[in-house]
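The primary structure of each chain is shown beneath.
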Amino acid sequence: MTVPRKPEPEKPEAADARPAAAQRGEVQPADAQPTVAQLAEGYAAKAGLHRSHNGNIDVLKSAGGVQGIAESILPGLVFLVAFTITRELTLALVFALAIAAAFTVARLIQRKPLTQALAGIAGVGVSAWLANTTGKAEDFYVPGFFTNFGYIVAMGISIAVRWPFAGLIFGFIRNEGLDWRKDPARVKAYQIGTWVIIGVLALRLLVQVPLYFMGEDGFAALATTRLLMGAPLYILGIWIAWLLTRPASAAT
């Protein structure tokens, strides 16, 4: 007579089974999930915008703070000063690249996010390569024209499809998420805000492109307007767009 074998006891689950289940979509405890405010803050921060302690947009921090503004201004300023004094294009380009590289090293030492610094040095590198290739100092600013035009097209499309750029950014800072799309008045307000930002970008082109075509005679004016219409004008445009898109309850 054969004695039936006892079923083997089930093996205990591995210690990492729960995390794996969580990765498969298992609902985590409520206190472990980020709040809407945290999601909004994270999304806005990735977009380069930040909220102040009182719930408004922190314009200075959104522009990268003092260091971020310096990173966007100083390479161009050094290039302008060096070329104006020495009239040596290669030397001026080397100085501009050195400043951009120094900011990248500073962020490494400070263990800060490198996104803005790397984008800055990449932009300066492309501009320097183009100017050095053509031998024309004014060509240092040509890549910026195409960047501005690309942003204008992208934001114009966002308005046309009723997903205005200002709404995607400001909506999360205000904890509206995407609920603003259900309100035609809010959609219109964010379209207007996006037009303001487009206006800033278009103004840059309207002023700077004619100066570029003046050649060396317009170089000093082109370089100066590029500095003045960079971070300072961007900050002003973002702030105006923020004020124009305030919900009616917040505006009263």
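A quick note: this is a predicted structure, and the numbers were derived from the prediction, not measured.

1. Examining the packing of helix 7 (residues 142-160) against helix 9 (residues 184-212)
At a minimum axis separation of 9 Å, helix 7 and helix 9 run at an interaxial angle of 155 degrees. Accordingly, the angle class assigned to the pair helix 7 and helix 9 is roughly antiparallel. Judged by the sense of rotation from one axis to the other, the crossing of helix 7 with helix 9 is left-handed. Counting all contacts with helix 7, which are made through Val142, Phe145, Asn148, Phe149, Tyr151, Ile152, Met155, Gly156, Ser158 and Ile159, the residues of helix 9 involved are Gln191, Thr194, Trp195, Ile197, Ile198, Leu201, Ala202, Arg204, Leu205, Gln208, Val209 and Tyr212. Counted by class, the contact of helix 7 with helix 9 contains 15 nonpolar, six polar and one charged residues.

2. Considerations on the pattern of salt bridges
All chains considered together, the criterion is met by four salt bridges. A salt bridge links Glu71 to Arg107; the shortest N-O distance between them is 2.7 Å. With Glu71 in helix 4 (residues 65-86) and Arg107 in helix 5 (residues 89-110), this pair connects stretches of sequence that are 36 residues apart. Salt-bridge contacts for Arg186 lead to Glu176; the nearest nitrogen and oxygen are separated by 3.1 Å. Of the two residues, Arg186 sits in helix 9 while Glu176 sits in the loop between helix 8 (165-173) and helix 9, which places them 10 residues apart along the sequence.

Conventions used here
- Residues numbered from 1 in each chain as written.
- Predicted model: local features only at pLDDT ≥ 70, side-chain atom pairs only at ≥ 80, totals over all residues.
- Heavy atoms only, no water.
- Axes fitted to C-alpha atoms, helices over the stretch in contact; angles between N-to-C directions.
- Helix = DSSP H or I, 4+ residues; strand = E, 2+ residues; numbered from the N terminus.
- Parallel < 35°, antiparallel > 145°, perpendicular 65-115°, else oblique.
- Left-handed = near helix turned anticlockwise from the far one by under 90°.
- Contact = heavy atoms within 4.5 Å.
- Nonpolar A, V, L, I, M, F, W, Y, C, P; charged D, E, K, R; others polar.
- Salt bridge = Lys/Arg side-chain N within 4 Å of Asp/Glu carboxyl O.

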